[in-house]
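# Residue-level structure breakdown
Take a look at the letters that make up each chain.
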Amino acid sequence: MLLTDLIARFGALIESVEGAEGPKHVVRVNTLEAAASDEFSFLANPKYRNGLVATRAGVVAIRRTDFDTLEQAAQTARAFLICRDPYLLFARVAQTLDVQPRPQGGIAPGAVVDRDAHIDPTASIASGAVIDAGAKIGANVVVGALCTIGRDTVLEEGVWLYPRVSIYHGCRIGARTIIHSGAVIGADGFGYANDAGRWIKIPQTGGVRIGEDCEIGANTTIDRGALQDTVIGNGVKLDNQIQIAHNVSIGDDSALAGCVGVAGSAVIGKRVQIAGAANILGHLSIADGTVISVASVVTSSIDKPGFYSGTWPLQAHEDWEKSAVLVRRLDKMRDELRSLRTELNALKSTSGGQ
Amino acid sequence: MLLTDLIARFGALIESVEGAEGPKHVVRVNTLEAAASDEFSFLANPKYRNGLVATRAGVVAIRRTDFDTLEQAAQTARAFLICRDPYLLFARVAQTLDVQPRPQGGIAPGAVVDRDAHIDPTASIASGAVIDAGAKIGANVVVGALCTIGRDTVLEEGVWLYPRVSIYHGCRIGARTIIHSGAVIGADGFGYANDAGRWIKIPQTGGVRIGEDCEIGANTTIDRGALQDTVIGNGVKLDNQIQIAHNVSIGDDSALAGCVGVAGSAVIGKRVQIAGAANILGHLSIADGTVISVASVVTSSIDKPGFYSGTWPLQAHEDWEKSAVLVRRLDKMRDELRSLRTELNALKSTSGGQ
Amino acid sequence: MLLTDLIARFGALIESVEGAEGPKHVVRVNTLEAAASDEFSFLANPKYRNGLVATRAGVVAIRRTDFDTLEQAAQTARAFLICRDPYLLFARVAQTLDVQPRPQGGIAPGAVVDRDAHIDPTASIASGAVIDAGAKIGANVVVGALCTIGRDTVLEEGVWLYPRVSIYHGCRIGARTIIHSGAVIGADGFGYANDAGRWIKIPQTGGVRIGEDCEIGANTTIDRGALQDTVIGNGVKLDNQIQIAHNVSIGDDSALAGCVGVAGSAVIGKRVQIAGAANILGHLSIADGTVISVASVVTSSIDKPGFYSGTWPLQAHEDWEKSAVLVRRLDKMRDELRSLRTELNALKSTSGGQ
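For clarity, every value in this text was computed on a predicted model and none was experimentally measured.

Conventions used here
Chains are numbered independently. Their residues run from 1 in the order of the written sequence. Whichever chain is written first becomes A and whichever ligand is written first becomes 1, with later ones labelled in order. It should be noted that, the model being predicted, local features are given only for residues of pLDDT at least 70 and side-chain atom pairs only at 80 or more, the latter also being counted only at that level, while totals for whole chains, interfaces and linings use all residues. Each helix is a run of H or I in the DSSP string that is no shorter than four residues. Each strand is a run of E no shorter than two, and both are numbered from the N terminus. For a compact globule the rule gives 2.2 Å times the number of residues to the power 0.38, and the radius of gyration it is set against comes from C-alpha atoms. Remark: C-beta atoms are placed from the backbone, and a residue is labelled buried if 20 or more other C-beta atoms sit within 10 Å of its own, exposed if 12 or fewer do, or partly exposed between those counts. In this description, any two residues whose backbone-derived C-beta atoms lie within 7 Å of each other are considered to be in contact. Here the copies are superposed with least squares, the fitted atoms being C-alpha atoms of residues at a pLDDT of at least 70 in both. Throughout, the ten residues Ala, Val, Leu, Ile, Met, Phe, Trp, Tyr, Cys and Pro are labelled nonpolar, Asp, Glu, Lys and Arg are labelled charged, and all others, Gly among them, are labelled polar. Note: two strands are recorded as paired if DSSP finds a minimum of 2 bridges between them. This arc is built from the directions going out from the helix axis to the C-beta atoms. An automatic or database domain assignment supplies the start and end points of every domain. One confidence number per residue, pLDDT, is output by the predictor and ranges from 0 to 100.

Before going further, it helps to examine the overall build of chain A. Each helix and strand in chain A was counted, giving seven helices and 38 strands. In terms of overall size, chain A is more extended than a compact globule, its C-alpha atoms giving a radius of gyration of 28 Å where 354 residues would be expected to give roughly 20 Å. Projected onto the principal axes, the alpha-carbon positions of chain A cover approximately 95 × 75 × 35 Å. Expressed as a percentage of the 354 residues in chain A, the buried residues total 55%. Sequence separation of at least 24 residues holds for 23% of the intrachain contacts in chain A that already meet a minimum separation of 6.

As C-alpha cells, this is what we get:
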C-alpha cells in the first residue's frame, strides 16, 4: 500500500505527518524491534521509546509529545504519523494490510448439509462440517472444517467460524461475529432440581443469541438458557476458555479475558472489562463500565462503576504460611485490640485521675 | 398435555389443587414473566412473588405458605398446584413436556465405524463419527456428529453424546449418561518422573469409568488413570470446563459447577457440591455431603461435612491495595499486639501497685 | 520382558538387586496394592511402606533406606531393585513395557488432504483429518481422527496428535511432541484497540512455535502471537485446560498443571513449575526454577527463584465470613494499633515519670 494512500485513508486519525518522506510502500505492520524499512510500527507506551533509536521501520505512529522529545536526528530518520492514539492507528492499518485469504463460497464435497438447511450461495462450508435441518447460513459466512450447526440455528451475514466450532440447535449468531476453534455455543445450562439427594435435570429450552461484531475465543463455552435465552450483546469480545452459564446477559462492547467464569443469570453491563480468571457469581448485576481485575471473585451486585480487586497478594511460601494462619485469627486479633483499648482507656482515666 | 393428566402423573408431589380450573392443556413450561395461559410456571423463591400478580401462566406450582398469603383475587386467577418443592415439580413437568427429538437408530453414511466395533442396531451414529475396533455401543445410544470413540471403549444403554465428544480407548460410560460437545474423556493424566531436570513421561495405562445417569458438560476433561482407573460415580453432574485429573474418584450424586479443577488422586465423597472455579488438591479426601463455595481452594482433607469458603472479598481497588499490603504484615501486627499486651500488663501491675 | 534384560537395560539407575530371584518375566507395571507376581511396582513415598507387606508384586523398585528397614522376611519375599529414585526407574520401565500400538502409516480414505500439502509416507493421517495447503507432515507423525492442520503448518518427525486437535496456519510443532484431544494451537490472540468504546481487532499475524518433546493437554489453548510468535521451549509439559496467551514465552522443561492461565507476553523461564489454576499476568518475567503453588496469582516479575504462594486458606464458612469482613478493615486495625502504641508510650512516660 502506498504511504500516501494510507495517510489519505486514515487522515481522520492523523494530526500531521513529520520526518522523512518514508517508503513509497508499506507492506506490513511490525514491532519497532523487528520492523523493516517498508513496514509500519508504532510507539504507544513511552517506556518503549528506546526502541525508536534502533528501529528500521519506515513509518511510525506516535504521539505528539513523544515525537517532540526525540532528538532531531531521530525525528528525520523516518516518516512519523502524529496521532492521539498510535495503537488505534496501528490497529486500523494492520486490518487494512492483513491478507488472510477468505475461502471461496460453496459447499466442500466432504461437508454434510441437511437438505432442509438454507445455505446462501456466497457462504463457504468446509470439509467435514455438519449442518442440520432448518439452519440458515447467511451471505459470505465461513463455516470451517468439522464445525457442527444444530437445527434451526442462524448465522447472519459474514459470520466466520474457524474449524471445529459447535453450535447447538436454535441459536442465533449476529453479523460478522468470529468464533474460534473448540468453542461450544448452546450446550445445556447446568440446572437440576434435587429429589431426596438425586439430581433431576431441568430441560434447557432457551437458546443463545450473540450480537454483531463479537469475537468468541477458542474452547469458550456459552450455555443455552433454561427457559429464556442467554444473550451476548453487540461488539462483545470473549477470550479463550471462558464459561458463560445459562441466562447470562452481557452488554454491548464488554470484554472478558481468558478463563473467566460467569454463573447463571448474571447481568453484566455495557463496556465492562473483566480480567483473566475472574469469576462472577449468578443472579447479580454489574454496572456499565465496571472493571474487575485478574482472578477476583464478584459475589454481589456492583452498582457503582469502578475498578475492583480481590486476590491474595503473592508471597514467598514461608511468609504466606504465617499470613494464612493469622488471617484466620483476625477475629481474635480484633478482640485483643478491643481489650487493649478498654484496658488502656481505663488505665488512662485512672492515671489522669491521679 | 391435559392438566388433569399432569396432576394424575405427579400426584405424589402435589398436596392439593387450588384456584381456577385452569387450561385444559399445558403445552410448555416457562418463567412467570413470559408464560402464556397454556403454560406452566412456578414460584420457588418467595422474592419473585411479585411476578405472580402479572403472570399470565395458566398453572403455577407454589408452596402452601406462598399461596395462602396471596390476595384472594390472585388465588382464583389461575390453577395452583400446592407442593412442598415447586422447583422439583417444575423439573418433572418440564421433562415430561420436553420434545427434543431423539435421532433414529442407524449408522449415518459419513460415519467411520471399524468392522470390529459392536454397534447395537437401535443406536444412532451420526455423520463424521469415528469408532475404533472393539468399541461397544449399546442400545439406544446416540453418538453425535464428529465424535471419536477409542478402542474397546463401552457406551452402555441410552448414553447420549452431543457432537464432537472424544473418548479415548478403554473407557466405560454408564447407562443414560449425557456428554456435551468438546468433552474429552480418557486423555493421559499429567504424570512424569524427573531425570536431572527433564520430564520422563509415565505411560497412563488406567482408564476412566463413569457411572449411570451422569451429565458431563461442554469442554470438560476427565483424564485416564496412571495405573488404576479414574472413577466417576452414578448420578454425578459435572458442568462445563471442568478438569478431573488422573485417579480421582467422585462419589454418587455429587455436583461440580463450571471451571472446577480436581487434582490427581483426590477422593470426593457422595453428594458433595463444589461451586464454580473451586480447586481441589490431589491425594486428599472430602467427606460426603460437603459444600465448597466459589473459587475456594481445598488444600487438605475435609473429614467433617460442612460449608467451606476461602476467597478474598472483592474491594474497590484502592482499598484492596491497602489490605493486600497489610495482610503480608499480619505477623508484625500480631507481634505489636503482643508487645502492647506485655507492656500494658506491666503498666497495670505498676499502676495497680501504686 | 525378562527381569534380567530389564536390569541390564536400566543398570545405570540401579545400585543393586536384593531379595528373591523374582519372576522370569515382568509383563506390566502396577501399584503395590494391585500388582500380581509378574508385575513391577515401586515405593517412592515412605508413607506407603505398609503396602510392601501385602503386595504380590514380583519386583519392587525401592530406596536403600526403605529396603534396609524392612523385616527380613519381607526382604526376601520378592526381588528388589535398589535405586536412588524408584519413581524414575518406574517411569523408565513403564515406558519400556507400554504397548500402545502406533497406527500404520498412510492416509485414511476419509481424510481430506490438500494436494499442496506434503505428507511423509511414514506418517499416519486418520479418518476425517483435514490438512490445508502447504502443511508439512514429517516422518512417523500420527495425525488423529478429525484433526485440522492449517496452511503452511509444520509437524516435525514423530509428532503425535490425538483425535480432534486443531492447529491454525503458520505454526510449527517440534519433533516427538504429543498433543491431546481438543487442544487448539494458533487461534488469534486477544488484542484490540479501543475506539470511543468499541473494540477494534488487531490482526494476529505471528504464529506459534512449540519445541521438541513437549506434551500439550486436552482442551489446552495456545494463541498465535500478535506480530511475533508465541514460543514454547523444548520438553515443556502443559496439562489440560491451560490458556497461553499471545507472545508468551515458556522456557525448556517447564511444567504447568491444569487450568493455569498465562497472560500476554509473559516470559516464563526454564524448569519453572506452576501448580494448577495459578494465573500469571502479562508483560512480566519469572526466573528459571521458580515454583508457584496452586491457584496463586503472579502480578509482577519474579527475579529470585523460590516457592511462592498466595491463596486464601479454606475456612468453615462462618469463620470465613468474619475473616473476610476483617481483612477489609486491616487499615483500621493498623491505625488502632498505632494509636494504642502512641497512647501507651505516653502513659508509660507519664507513669515512668511519677
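Glancing now at the relation of the copies chain C and chain B. Superposition record for chain C on chain B: RMSD 0.1 Å, screw rotation 120 degrees, translation along axis 0.0 Å. Viewed as a symmetry operation, the transformation between the two copies matches a three-fold axis.

Before going further, it helps to examine the interface of chain A and chain C. Taken together, the contact pairs 63 residues of chain A with 63 residues of chain C. With eleven residues, the top contributor of residues to the side of chain A that touches chain C is helix H7 (residues 330-353) of chain A. Tallied by class, residues from the side of chain A that touches chain C come to 30 nonpolar, 20 polar and 13 charged. With two bridges connecting them, strand S38 (residues 315-316) of chain A and strand S37 (residues 307-309) of chain C associate as antiparallel partners. Residue pairing in the sheet places Gln315 of chain A in a bridge with Ser309 of chain C of S37 of chain C.

Counting residues at the interface gives 63 residues for chain C and 63 residues for chain B. Elements with a contribution of two residues or more to the side of chain C that touches chain B: helix H5 (86-97), strand S38 (315-316), helix H6 (317-327) and helix H7 (330-353) of chain C. Looking at the side of chain C that touches chain B element by element, the count peaks at eleven residues for H7 of chain C. Considered class by class, the residues forming the side of chain C that touches chain B number 30 nonpolar, 20 polar and 13 charged.

Buried within helix H6 (residues 317-327) of chain B are the following residues: Trp320, Ser323, Ala324 and Val327 of chain B. Buried positions in H6 of chain B, seen along its axis, are confined to an arc of 100 degrees and lie on one side of it.

Each assigned domain of chain A is listed with its residue range as follows: domain 1 (3-97) and domain 2 (319-353). Here the C-alpha centre of domain 2 of chain A lies 60 Å away from the C-alpha centre of domain 1 of chain A.

This part takes up the pairing of strand S3 (residues 39-42) of chain C. All names here are of chain C. Alternating positions in S3 separate into two faces, Glu39 and Ser41 on one and Phe40 and Phe42 on the other, with burial throughout. Summarising the sheet, strand S2 (residues 28-29) and S3 pair through two bridges and their orientation is parallel. Bridged to Val29 within S3 is Phe40. For S3 and strand S4 (residues 59-62), the ladder comprises three bridges, and the chain directions are parallel.

Right, let's get into the sheet that holds S2 of chain C. The sheet built from five strands is open, its strands ordered S1-S5-S4-S3-S2 (chain C) with mixed pairing. Strands with a single pairing partner mark the edges of an open sheet, and in this sheet they are strand S1 (14-19) and S2 of chain C.

Residues and elements named next belong to chain A. If you trace the backbone, Gly144 turns up in the loop between strand S12 (142-143) and strand S13 (148-149). Gly144 sits in the buried class, given 25 other C-beta atoms within 10 Å. The spatial distance from the C-alpha of Gly144 to the C-alpha of Glu71 is 50 Å, given a sequence separation of 73 residues. Excluding residues within four positions of it along the chain, Gly144 makes contact with Ala126, Leu161, Tyr162, Pro163 and Val165.

Our next topic: the confidence of the model for chain A. On average, residues of chain A score 95 in pLDDT, and 99% of them reach the 70 mark or higher. Complex prediction metrics read pTM 0.97 and ipTM 0.96.

Residues other than glycine predominantly adopt negative phi, and peptide bonds predominantly adopt the trans conformation. In this model, Asn247 of chain A sits at a positive phi of 65 degrees, which is unusual for a non-glycine residue. Looking at where Asn247 of chain A falls in the secondary structure, it is placed in the loop between strand S27 (243-244) and strand S28 (249-250). We note that Arg271 of chain C has phi near 50 degrees; this positive angle belongs to a residue other than glycine.

As a further point, take the environment of Ala91 of chain A. By secondary structure assignment, the location of Ala91 of chain A is in helix H5 (residues 86-97). Assessed through the 23 C-beta atoms surrounding it within 10 Å, Ala91 of chain A is described here as buried. Apart from residues lying up to four places away in sequence, Ala91 of chain A is in contact with Ala193, Ile200 and Ile202 of chain C.

The next point concerns the sheet that holds strand S3 (residues 39-42) of chain A. Strand order in the open sheet formed by five strands is S1-S5-S4-S3-S2 (chain A), and the pairing between neighbours is mixed. The open sheet has two edge strands with one neighbour each: strand S1 (14-19) and strand S2 (28-29) of chain A.

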